[in-house]
Amino acid sequence: MSNTPDDRSVASKVTEVTTFILGIALLIVVVDGLPLDVFSSESKSFFFAVGAVGIWRYSWWLIQAVRSVWYNRRIFPRLRAEADAAGEQALPPELYVLCTSFRIEPEVSFRVYDALVREVADYGVPTTIFASLSDRTDVDVITHVMDDNGWPENIELRYMFQKGDGKRSAMAEVLRAISRRMPAPGALLVSMDGDIRLEPGTLSRSLSFFSVQEDLGALTTNNSAIVTGGDATKEWYDIRYAQRHLVMSSMSVSRRLLVLTGRYSAFRAELATQPDFIELVENDHVDHWRFGTFKFLSGDDKSTWYWLLKNGWRMLYIPDVHVSGFEELPDRRRFFKSTTDLMRRWYGNMLRTSNRAIALGPRPMGLFTWWSLVDQRLSMWTTLIGPTVALLVTLFIRPSFIFAYVLWILFTRGIVTLILAWQHGRYSLLWVPLIYYNQVWGALLKTYVSFRFNRQKWSRQGISAGEPDDPAAVKRQRRMGHVLHGFAYGVLLYVLVLATGVLQPPDRTSLATLTGGSPEAQSRVDDRWLSLAIADAPEGGSVQLPAGDFHLDDDLLDTIEGLDRPRARQLLGASGDATRLFVTSELATHLSDSHGRPIAEAAACPQPDGCTLTLKHHSMRLKGLRIQVDSGRSGDTLASANQQSKEKAKDV
């Protein structure tokens, strides 16, 4: 039995229908514009990056999904049965609740504390609620809640006012206050945010796991969102929670997690009151070769997680218990900016902690958890390979490959969101673009933050930290971050250019076009660039060649035939018959004059009609060109015979 809330925020039906219609329209455009030669040899660079790397990424994601199903269908039901069977013996002797609030609307605070007081009263265990507050009005709200609930006898209420320098110091003060009370053996601590509403049964159905698992140090639960904002904002939060559910479930197979969410997590009180635990929460910091020593502003949930991970304690995710968060973007009118600010803070917390966690090695956490941390560092770069190569292929090989990439996105993200929906319990068509936005823009933000993770900002509290006090030092750090970031992405781009071959060294025709000069002779054929020029010309248009010598062999036939829709109908030379084509005898058999006589036999191409290149599905007129047919040489040796060919060239 799950305590899933009924009022979680979702997009309206009008938005879903509109998204469906737009999706169908996009699919029609993509399928219509998809090049027929998308699976040809010219496409190998596209499929290497988007396909091969995609297989690696999605195979890892599939492993996570399978582990998630295994945990929810096989492992967790057994754990749930053991916890429920404990009955009254599962109740701790004492319970402490740490609830931190900062400038939360009174209406939200009332609903949060009302649900908390009701839940603690029903739980029946002697409980001390430490309300860490920022405003005196919060006291009035909580007093109102206690009056409405008749001041339950098992609840002791303590107020502690924050200093205003962040959540960490407030948490540390409460933890020290709890340690001075010397909690009884087996006592538990619940740490939660002041905008989280506990659903009925949260405490009894989550805290019972501590009684049956002696090595369990902490646990967290499933999340739902009550969102103030538009439909895109609602589904953005919901898909993040769906992804969180899958990863948390997968990690719980190893009895480890990647974070202990600050929204709602429970700890053994004897651990949370350890002096080094409290010190890490309050003064967690990093010593960096470039940034020096700086304290963490947010990310207390990463600090508590790291302490437990380092000390070998197990963690668990409870998927059938939900807590509901009252979510709102920092600026509800600016979706992109607000989501960017939030993701930058979240990813900064992750990156500031993951390196030292990876440095612990697999021993204290297991190989799968350790590799998951490594994968977090790799995925921010591998995610960028697909869109980068798709852009390169579109710009430098075939513009129509963008349709292939969009089709890939629709297919893969469609499958991913369906699997997420299957486990999460609902689906939205908005998830497809939103998950792509989270992945690609999120990867860009991770790479950005990874070179600047000392810069911290908490939008709700309006505080920032991490940079030096000296303005000159700040400029140096930021400038170095730009340089290192640009260099890292430049290396990635360079590797992709070499690996996929989408860019070739400038050929003589390109140089001649750019400089206005004549191309020099070289030992290579010109089939590739010419076929691309034919494909990308206007429908029924012409390809204009500059003055100079060009070498074509038999591969041109297969290349042009493999094109989706060859567009050019004419191949024109420079004025004054200054353009010469050197062709193989095989290619010459497809060239004929206006009377249908093959050039290979006639050895001439009369003007002004020119010649015709006739293929199976396409034909082109060649005008203003001088053609040399070399029947004794193949395409592979044709280019090296340039000087000899010049002596035998005939005027067209």
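Quick caveat, the model's predicted, so the values are computed rather than measured.

Engineer: Provide a residue-level description of the packing of aromatic side chains, including the pertinent values.
Structural biologist: Evaluated as defined, the whole model comprises 17 aromatic pairs. Summarising the aromatic geometry, the rings of F267 and F277 are spaced 6.0 Å apart at their centres and angled 75° between planes, so their arrangement reads as edge-to-face. Of the two residues, F267 sits in strand β7 (residues 264-268) while F277 sits in helix α10 (residues 275-283), which places them 10 residues apart along the sequence. Judged on exposure class, the residue F267 and its partner F277 are both buried. Aromatic side chains F336 and Y437 sit 6.3 Å apart centroid to centroid with 55° between the ring planes, which places their arrangement in the tilted category. One end of the pair, F336, is in helix α12 (residues 335-359); the other, Y437, is in helix α15 (residues 431-450), with 101 residues separating them in the sequence. Judged by relative accessible area, F336 falls into the partly exposed class, the value being 45%. Through a chain of ring-to-ring contacts, three or more aromatic side chains come together here, namely W236, Y237, F335, F336, W346, Y437 and W441. A cation over a ring is seen here: K302 above W305, with NZ or CZ 4.7 Å from the ring centre. It is R352 that lies over the ring of F296; its NZ or CZ is 6.0 Å from the centre.

Engineer: How would you summarise a nonpolar patch on the surface if you had to cite specific residues and measurements?
Structural biologist: Where nonpolar side chains cluster on the molecular surface, the patch consists of V17, F20, I21, I24 and I28 and spans about 480 Å² of accessible area. With a relative accessible area of 56%, I28 lands in the exposed category.

Engineer: Lay out the sheet that holds strand β1 (residues 95-100) with the relevant residues and their values.
Structural biologist: Pairing in this open sheet of eight strands is mixed, and the strands run β3-β2-β1-β4-β7-β6-β10-β5 from one edge to the other. Edge positions in the sheet fall to β3 (155-161) and β5 (196-198), since each has one partner strand and no second. Going from strand to strand, the sheet's axes swing by 25° on average, the running direction of each strand aside. Examined bridge by bridge, β1 and strand β4 (residues 188-193) share six bridges and lie parallel to one another. Looking at β4, one finds that C99 is bridged to M192. Its contacts with the sheet put helix α3 (residues 106-123) on β1, β2 (127-133), β3, β4, β5 and β10 (314-328), and the angle it makes with β5 is roughly 30°. Helix α4 (residues 136-148) contacts β2 and β3 of the sheet and is inclined by roughly 170° relative to β3.

Engineer: Account for the sheet that holds strand β15 (residues 570-572), naming residues and giving values.
Structural biologist: The strands making up a sheet are joined through hydrogen bonds of the backbone, oriented either antiparallel or parallel. Pairing is mixed in the open sheet, where five strands are placed in the order β13-β15-β19-β18-β17. A strand with exactly one partner marks an edge of an open sheet, and here the two such strands are β13 (542-544) and β17 (591-592). Of the pairings in the sheet, the one linking β13 to β15 comprises three bridges and is parallel in character. Each bridged residue has a counterpart across the sheet, and for Q544 the counterpart in β15 is L572.

Engineer: Could you give an account of the packing of helix α8 (residues 231-252) against α12, naming the residues involved and the relevant values?
Structural biologist: At a minimum axis separation of 11 Å, α8 and α12 run at an interaxial angle of 20°. Between α8 and α12, the crossing angle belongs to the class labelled roughly parallel. Relative to α12, α8 is oriented so that their crossing is right-handed. Listed contacts from α12 to A232, T233, W236, Y237 and R240 of α8 are F335, T339, L342, M343, W346 and Y347. For the contact of α8 with α12, the per-class residue count stands at eight nonpolar, two polar and one charged.

Engineer: Tell me about the nonpolar core, residues and numbers included.
Structural biologist: Core analysis: the largest hydrophobic core is formed by 45 residues, its most contacted members being L95, Y113, M192, L203, L207 and F209. With seven residues, α3 is the largest single contributor of residues to this core. Apart from the residues lying within four places of it in its own chain, the contact partners of Y113 are C99, S101, I129, A131, L133, I142 and V145. Core analysis: the second largest hydrophobic core is formed by 41 residues, L189, L257, L258 and L271 among them.

Engineer: Which residues make up the side chain of S303, and what values go with them?
Structural biologist: Position of S303 relative to the elements: it lies in helix α11 (residues 300-310). Taking relative accessible area as the criterion, S303 reaches 1% and is therefore assigned buried. Side-chain polar atoms of S303 contact the side chain of R168, separated by 2.9 Å. The residues contacting S303, other than those within four sequence positions of it, are R168, L280, D284, F296 and R356.

Engineer: Quick one: what's the story with helix α1 (residues 13-33), residue by residue and with numbers?
Structural biologist: With 21 residues, α1 ought to run about 30 Å at 1.5 Å a step, and its terminal C-alpha atoms sit 30 Å apart, in line with that. Looking only at α1, the buried set comprises E16, T19, V30 and G33. The buried residues of α1 all sit within an arc of 120° when viewed along its axis, so they share a single face. Facing away from the buried side of α1 by over 90 degrees, the exposed positions are K13, V14, I21, I28, V31 and D32. For α1, the secondary structure elements touched by its buried residues are α8 and α14 (401-424).

Conventions we followed
- Residues numbered from 1 in each chain as written.
- Predicted model: local features only at pLDDT ≥ 70, side-chain atom pairs only at ≥ 80, totals over all residues.
- Heavy atoms only, no water.
- Phe/Tyr/Trp six-rings, centres within 6.5 Å; stacked < 30°, edge-to-face > 60°.
- Helix = DSSP H or I, 4+ residues; strand = E, 2+ residues; numbered from the N terminus.
- Buried < 20%, exposed > 50% of the residue type's maximum accessible area, 1.4 Å probe, protein only.
- Lys NZ or Arg CZ within 6 Å of the ring centre and 35° of its normal.
- Patch = residues over 30% accessible without salt bridge, like charges linked within 9 Å, V, L, I, M, F, W, Y side chains within 5 Å.
- Areas by Shrake-Rupley, 256 points an atom, 1.4 Å probe, with all protein chains shown as cover.
- Salt bridge = Lys/Arg side-chain N within 4 Å of Asp/Glu carboxyl O.
- Pairing = 2+ DSSP bridges.
- Axes fitted to C-alpha atoms, helices over the stretch in contact; angles between N-to-C directions.
- Contact = heavy atoms within 4.5 Å.
- Parallel < 35°, antiparallel > 145°, perpendicular 65-115°, else oblique.
- Left-handed = near helix turned anticlockwise from the far one by under 90°.
- Nonpolar A, V, L, I, M, F, W, Y, C, P; charged D, E, K, R; others polar.
- Core = buried A, V, L, I, M, F, W, Y, C linked by side-chain atoms within 4.5 Å.
- Polar contact = N/O pair within 3.5 Å; in protein donor to acceptor, adjacent residues only side chain to side chain.
- Expected span 1.5 Å × (residues − 1).
- Arc of directions from axis to C-beta.

The quantities given are spatial measurements derived from coordinates; they are silent on function.
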